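What follows is the residue order along each chain.
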There are 2 protein chains.
Amino acid sequence: MLSKKHSTKKVIIKKASGETELFNVNKLINSLRRAGANDEIIKTVINDITEWIYSGVTTKMIYNRAFRNMRRLEAVSAARYKLKHAMFELGPTGYPFEQLMGMVFQGLGFSCEVGVIVEGCCLNHEMDVIATKQNEQHFCECKYSVDQGRKIGAQVSLYVKSRVEDIVNKRKSLRKYQNTIFKTWIITNTRFSEDSIEYAKCIGINLLSWDYPSGEGLKELIERQGLYPITVLDSLNKKEKGLLLSKEVVTCKQIIENPKILTEIDLAQSKINKTKKEINNLLRLKQGNK
Amino acid sequence: MLSKKHSTKKVIIKKASGETELFNVNKLINSLRRAGANDEIIKTVINDITEWIYSGVTTKMIYNRAFRNMRRLEAVSAARYKLKHAMFELGPTGYPFEQLMGMVFQGLGFSCEVGVIVEGCCLNHEMDVIATKQNEQHFCECKYSVDQGRKIGAQVSLYVKSRVEDIVNKRKSLRKYQNTIFKTWIITNTRFSEDSIEYAKCIGINLLSWDYPSGEGLKELIERQGLYPITVLDSLNKKEKGLLLSKEVVTCKQIIENPKILTEIDLAQSKINKTKKEINNLLRLKQGNK
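Along each chain, the written sequence defines residue order, and numbers are assigned to residues from 1. For this description, chains carry letters from A and ligands carry numbers from 1, given in the order in which they are written. Owing to the predicted nature of the model, reporting of local features is limited to residues with pLDDT of at least 70; listing and counting of side-chain atom pairs is limited to 80 or more, with chain, interface and lining totals taken over all residues. With hydrogens and water set aside, each side-chain value is computed from the structure's full complement of heavy atoms.

Attention shifts here to the relation of the copies chain B and chain A. Look at the two chain copies: a rotation about an axis and a shift along it is all it takes to match them. Superposing copies: least-squares fit, C-alpha atoms only, residues required to have pLDDT of at least 70 in both. The two copies are related by a screw motion: chain B maps onto chain A through a turn of 180° and a shift of 0.0 Å along the axis, at an RMSD of 0.2 Å. What we have between these two chains is a two-fold relation. Among all residues of chain B, the minimum C-alpha distance to the rotation axis is found for tyrosine 159 of chain B, at 1.9 Å. When the interface residues of chain B are mapped onto chain A, 100% of them again fall at the interface, so both copies present the same face. We call two residues in contact whenever any of their non-hydrogen atoms come within 4.5 Å of each other.

For this text, the term disulfide refers to a pair of cysteine sulfurs within 2.5 Å. Here the structure, examined in full by the defined rule, presents two disulfides over all chains. A sulfur-sulfur separation of 1.9 Å characterises the disulfide bridge that pairs cysteine 122 of chain A with cysteine 202 of chain B. On the sign convention where negative means left-handed, the S-S torsion of about -70° between cysteine 122 of chain A and cysteine 202 of chain B marks this disulfide as left-handed. Of this pair, cysteine 122 of chain A sits in the loop between β3 (111-119) and β4 (124-133) while cysteine 202 of chain B sits in helix α7 (residues 194-203), placing the two residues on different chains. For the unlinked cysteine cysteine 112 of chain A, the closest cysteine sulfur is that of cysteine 140 of chain A, found at 7.3 Å. A run of DSSP states H or I qualifies as a helix once it reaches four residues; a run of E qualifies as a strand once it reaches two. Both are numbered from the N-terminal end.

Right, let's get into the domain arrangement of chain A. All names here are of chain A. Where each domain starts and ends follows an automatic or database-derived domain assignment. According to the domain assignment, chain A consists of domain 1 (4-86), domain 2 (93-225) and domain 3 (227-290). Taking only C-alpha atoms into account, the centre of domain 1 sits 33 Å from that of domain 3. With eight residues of domain 1 at the interface, the matching set in domain 3 holds ten residues. When a carboxyl oxygen of Asp or Glu is within 4 Å of a side-chain nitrogen of Lys or Arg, the pair counts as a salt bridge. The tally of links from domain 1 across to domain 3 stands at two salt bridges. Each polar contact in these results corresponds to two N or O atoms within 3.5 Å; when the atoms are within protein, one needs to be able to donate a hydrogen and the other to accept it, and residues that are neighboring in sequence are counted only if both atoms are side-chain atoms. Here domain 1 and domain 3 share three residue pairs in polar contact (both at pLDDT 80 or more) between them. Each residue is assigned to one class: nonpolar for Ala, Val, Leu, Ile, Met, Phe, Trp, Tyr, Cys and Pro, charged for Asp, Glu, Lys and Arg, and polar for all the others, Gly among them. Residue classes in the side of domain 1 that touches domain 3 are distributed as five nonpolar, no polar and three charged.

Attention now moves to the sheet that holds strand β9 (residues 206-208) of chain B. Residue and element names in this part refer to chain B. Spatially, β3-β4-β5-β7-β9 is the arrangement adopted by the five strands of the open sheet, whose pairing is mixed. Strands at the two margins of the open sheet, each flanked by one partner only, are β3 (111-119) and β9. On average, each strand axis in the sheet is inclined to that of its neighbour by 30°, with strand direction left out of account. Any two strands between which DSSP finds at least two bridges are classified as paired. Relative to strand β7 (residues 181-188), strand β5 (residues 136-143) runs parallel, the two sharing eight bridges. Residue glutamate 136 lies in a different strand from β7, and its bridge partner there is isoleucine 181. Throughout, an axis means a line fitted to C-alpha atoms (over the contacting stretch in the case of helices), and angles, computed between N-to-C directions, take values from 0 to 180 degrees. Contacting β3, β4 (124-133), β5 and β7, helix α5 (residues 95-107) runs over the sheet at an angle of about 125° to β3. Here helix α6 (residues 154-172) sits on the sheet and contacts β3, β4, β5 and β7; the angle it forms with β5, its principal contact strand, is near 150°.

Each side of the interface is counted separately: chain B has 18 residues, and chain A has 18 residues. Broken down residue by residue, the surface that chain B buries against chain A is led by Cys122, Leu123 and Leu158 of chain B, which jointly contribute 36%. Counting across the interface, chain B meets chain A through two salt bridges. Ionic pairing is found between glutamate 165 of chain A and lysine 161 of chain B, a salt bridge with its closest N-O pair at 2.6 Å. Viewed at the interface, chain A and chain B are joined by seven residue pairs in polar contact (both at pLDDT 80 or more). Within the residue set of the side of chain B that touches chain A, elements represented by two or more residues are α6 and α7 of chain B. Sorting elements by how many residues they give to the side of chain B that touches chain A places α6 of chain B first, with nine residues. Looking at the side of chain B that touches chain A residue by residue, the classes come out as nine nonpolar, three polar and six charged. In short, buried area is how much 1.4 Å probe accessible area vanishes from two parts on joining, totalled over both.

Residues and elements named next belong to chain B. Taking 1.5 Å of rise per residue, 13 residues should cover 18 Å, and α5 covers 18 Å from first to last C-alpha, within 8% of that figure. Of all 13 residues in α5, ten are buried, a share of seventy percent or more. Burial in α5 covers these residues: Pro96, Phe97, Glu98, Gln99, Leu100, Met101, Gly102, Met103, Val104 and Phe105. Where α5 terminates, the next one or two residues include glycine 109, which has phi positive at roughly 95°. Here the expected span of a helix is defined as 1.5 Å times the quantity of residues minus one. Exposed residues in this analysis have more than 50% of their type's maximum accessible area, buried residues have under 20%, and partly exposed residues fall in between, with area computed by a 1.4 Å probe over protein chains only.

Where empty space is left in the structure can be found by rolling a water-sized probe over the atoms. All names here are of chain A. In this analysis the probe radius is 1.4 Å and the grid spacing 1 Å, with only protein atoms considered; a cavity is a set of points the probe fits into but cannot get out of, a pocket is an open set with protein on both sides within 12 Å along at least five of seven lines, and lining residues have an atom within 4 Å of a point. Grid points are joined across faces, edges and corners, and a volume is the space filled by probe spheres set on the points. Here the largest pocket defines a volume of roughly 350 Å³. Among the secondary structure elements, those contributing two or more residues to the lining of the largest pocket are α3 (39-52) and α4 (59-88). Per element, the largest residue contribution to the lining of the largest pocket is six residues, and it comes from α4. Its residues assigned to classes, the lining of the largest pocket comprises five nonpolar, four polar and five charged.

It is worth spelling out the pairing of β7 of chain B at this point. Residue and element names in this part refer to chain B. The element β7 is extensively covered by neighbouring structure, given that six of its eight residues are classed as buried. Here three bridges tie β7 to β9, and the two strands are oriented parallel to one another. Considered in β9, the bridge of isoleucine 187 is made with leucine 208.

What follows deals with the sheet that holds β3 of chain A. All names here are of chain A. What the five strands build is an open sheet, ordered β3-β4-β5-β7-β9; its pairing is mixed. One side of each edge strand has no neighbouring strand; the edge strands of this open sheet are β3 and β9 (206-208). The sheet shows a mean angle of 30° between the axes of neighbouring strands, direction not considered. In terms of strand pairing, β3 meets β4 through eight bridges, oriented antiparallel. Bridge assignment links valine 114 to a residue of β4, and that residue is valine 129.

So, about the environment of glutamate 223 of chain A. Residue and element names in this part refer to chain A. Here glutamate 223 lies in helix α8 (residues 218-224). By relative accessible area, which is 10% here, glutamate 223 ends up buried. For the pair glutamate 223 and arginine 80, spaced 143 residues apart in sequence, the C-alpha separation works out to 8.1 Å.

A few words on the pattern of salt bridges. In the structure shown here, the tally under the stated rule is 24 salt bridges over all chains. Measuring nitrogen to oxygen at the nearest pair gives 3.9 Å for the salt bridge that ties lysine 15 of chain B to glutamate 21 of chain B. Residue lysine 15 of chain B is classed as partly exposed on the basis of its relative accessible area, which comes to 32%. Salt bridges linked by common partners bring Lys161 and Glu165 of chain A together with Lys161 and Glu165 of chain B together as one network.

All names here are of chain B. All buried positions along helix α2 (residues 25-34) are accounted for by Val25, Leu28, Ile29, Ser31 and Leu32. In an axial view of α2, the angular spread of the buried residues amounts to 160°, which keeps them on one side of the axis. The N-cap residue of α2 is asparagine 24: its side-chain oxygen and the backbone nitrogen of asparagine 26 are 3.0 Å apart. Backbone geometry just after α2 places glycine 36 at a positive phi near 100°. By construction, the arc corresponds to the directions joining the helix axis to the C-beta atoms.

The following block contains the structure:
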């Protein structure tokens, strides 16, 4: 688990008694394990300590730093776990998810329309998100499901292809879009089937799901931009979250930017304070996780 | 309801008593109505009588002809009603419906493959029916539902468009299909939504449902070819029909062409005779209805 380099780095440290000794990484690993840390967290903590450690540092300072770091990583890991589940509480309709995706694109510098009817050559179509930046226009179909096991099949990629094609054919005939490059996305909070990925790659549709593409999935995009949905909060109950969602407040960021929304849903001052504190901790966590 | 011409045609007829009198069409109409015939059937019966009637014919001959005709028309109307419902008993899977559609195309002079996997440029796709005649190849997507209220929405037209396009793009690259004209069909036992019809018309997909296109719908195609599904039969129970369907016997015609299939599902001779008689009546009805 740990590289040889770390375990053999020789550093003289000071004990509480004032005596000195060689730093023994295995002692620290055992302490972290006894405290319940998993291998991944231990690895990250030990990497941090061995990069930082210097001769003359006290045992107390090492252990303080290691355990503080472990707790922070555990909180990040718990928040990520909560984030995944919070996505499933945005339902039952797909609209809050569409709004969240609009915000993700806004965070990437696009201007966005959510849930609009647009004209195609043959039909009018509803597009979940249309994201525009300079001469690029991205059409996004959002597939939201409260069923975690649901896979988005090839049929979705096939109909989205025809639908966007119908819209693009119309727009290409308009002067306004003469130099526009059009792109297609399918975004889901669940997963894609293998053949939907195969078809999308072949035909040039961008796919985005919780953990696809690897390292650039929804979880990373949401975490990087700190776009935590309000359903992640422990300080609000289901009814209060529902009220906020109905007022198109989908993310914690929106609450921080407009805190009086909490008064508007008749929240007691004590609860308002508790919610703000929870959000600030969450966003601080995100800062620390950068 | 009746044209002036019919009611004023003056014909001398003979009564049972030997006396003669002017034929009175209203008396016949009232008799038919009292016997429970509906307006449509009365109209057809009266049209037949007034075209056929001649001086010297007896009242008995007129009434015999009229009532025999009425019963036949009622039976045709009942058979058509039964046919529609028999379609919903082909389920729960869509496979018997696909086989039936294959037979409809065969009746139109095509050679057919049912439920085959074909290669596209991006993916392999399952096609429900591929019907080929000379340099024409028709790809048919069958949407079977046991829910009579189900409408096939635009999404189906959209994904079928991309799917057939993917297959056609592949085939066009092969020498074998160099001069082939490809067509796309969506066929359902229920109905199409307005926008699925609009899109299909715009993009050039052929649609076929129970009563679409008007006068050329499934009911007419099936009746004209006498392709009554076995589920229309009263002489077989659900289990026996299921056994036949599992042996890919979908139509009454198949039973007539290969009657020993009834022995193969262990039917008693009396039941076999009853079934054959019912089928012959049904097909005779079709002959009479031409």
